[in-house]
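Below are the chains, spelled out letter by letter.
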2 protein chains.
Amino acid sequence: MIVWVIYDITDDKIRSKVARACKDMGLYRVQKSAFCGTLNRNQLDELKILLEELVTNNTDSIFIFPLCDKDFRRIILIGEGFDRDLISNRKITEFV
Amino acid sequence: MIVWVIYDITDDKIRSKVARACKDMGLYRVQKSAFCGTLNRNQLDELKILLEELVTNNTDSIFIFPLCDKDFRRIILIGEGFDRDLISNRKITEFV
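This structure is a prediction, so every number in the text was calculated from the model and none was measured.

So, how was this worked out
- Residues numbered from 1 in each chain as written.
- Chains lettered and ligands numbered in written order.
- Predicted model: local features only at pLDDT ≥ 70, side-chain atom pairs only at ≥ 80, totals over all residues.
- Heavy atoms only, no water.
- 1 Å grid on protein atoms, 1.4 Å probe; cavity = no way out; pocket = protein on both sides within 12 Å on 5 of 7 lines; lining within 4 Å.
- Points joined across faces, edges and corners; volume = space filled by probe spheres on them.
- Helix = DSSP H or I, 4+ residues; strand = E, 2+ residues; numbered from the N terminus.
- Nonpolar A, V, L, I, M, F, W, Y, C, P; charged D, E, K, R; others polar.
- Buried < 20%, exposed > 50% of the residue type's maximum accessible area, 1.4 Å probe, protein only.
- Pairing = 2+ DSSP bridges.

K.L.:
Outline the layout of surface pockets, listing residues and values.
P.N.:
One water molecule sets the probe size; rolling that probe over the atoms shows where empty space is left. Size it by volume and the largest pocket reaches roughly 500 Å³. For the largest pocket, the lining is made up of 24 residues, of which Lys-32 and Ser-33 of chain A together with Tyr-7, Lys-32 and Ser-33 of chain B are closest to its centre. Counting only elements with at least two residues in the lining of the largest pocket, the list comes to strand S1 (2-8) of chain A together with strand S1 (2-8), helix H1 (12-24) and strand S2 (28-31) of chain B. No other element matches the 4 residues that H1 of chain B contributes to the lining of the largest pocket. Here the lining of the largest pocket is composed, by residue class, of 9 nonpolar, 7 polar and 8 charged.

Shown next as structure tokens:
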């Protein structure tokens, strides 16, 4: 299934670890604090557990959006700002 | 319909205007760069046009997610970091 992860993390180290966990799971960075990609049910559960372990304080939040194909096709993209320093490859074009 | 807006805007003034446009449309801030709430079709179109006018350079991106009820119920929230400086009321609790 297609999954989006968006996060708001105050601590730089934890934020980097969250980004790393998303990347390691095969998700692609689409904004500074947003990843998307395809995960199976097990991978989604694994990512959820990993992120729950990282978020330790009450100043952080992470939203994980599993999206149906219909909703995914309804996403509206405005702008073309895919920071090349952040996004090593342009796999996003496969998604949006 | 339930709509999420996530953005990555480099310019402070434009970023503030994007946040203001989301707020004025009745959306609630749930992260520094994420809003959600309920919009009808006309409001969604209006917001889209407003945001398109604001995003003028190729370093910015905004994703608008219209979500079906099923997908909305599948959203996973990790952490409880709703910054009180950012979120004037806790309407988010109605959504997540």
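Following the structure, the description resumes.
K.L.:
Outline the pairing of S1 of chain B, listing residues and values.
P.N.:
Residues and elements named next belong to chain B. Of all 7 residues in S1, 7 are buried, a share of seventy percent or more. By the alternation rule, side chains of S1 split into Ile-2, Trp-4, Ile-6 and Asp-8 and Val-3, Val-5 and Tyr-7, which are all buried. Taken together, the 5 bridges between S1 and strand S3 (residues 34-38) define a ladder with antiparallel strand orientation. Bridging across to S3, Trp-4 finds its partner in Cys-36. Bridging between S1 and strand S4 (residues 61-67) involves 7 bridges; their strand directions are antiparallel. If you follow Val-5 over to S4, its bridge partner there is Ile-64.

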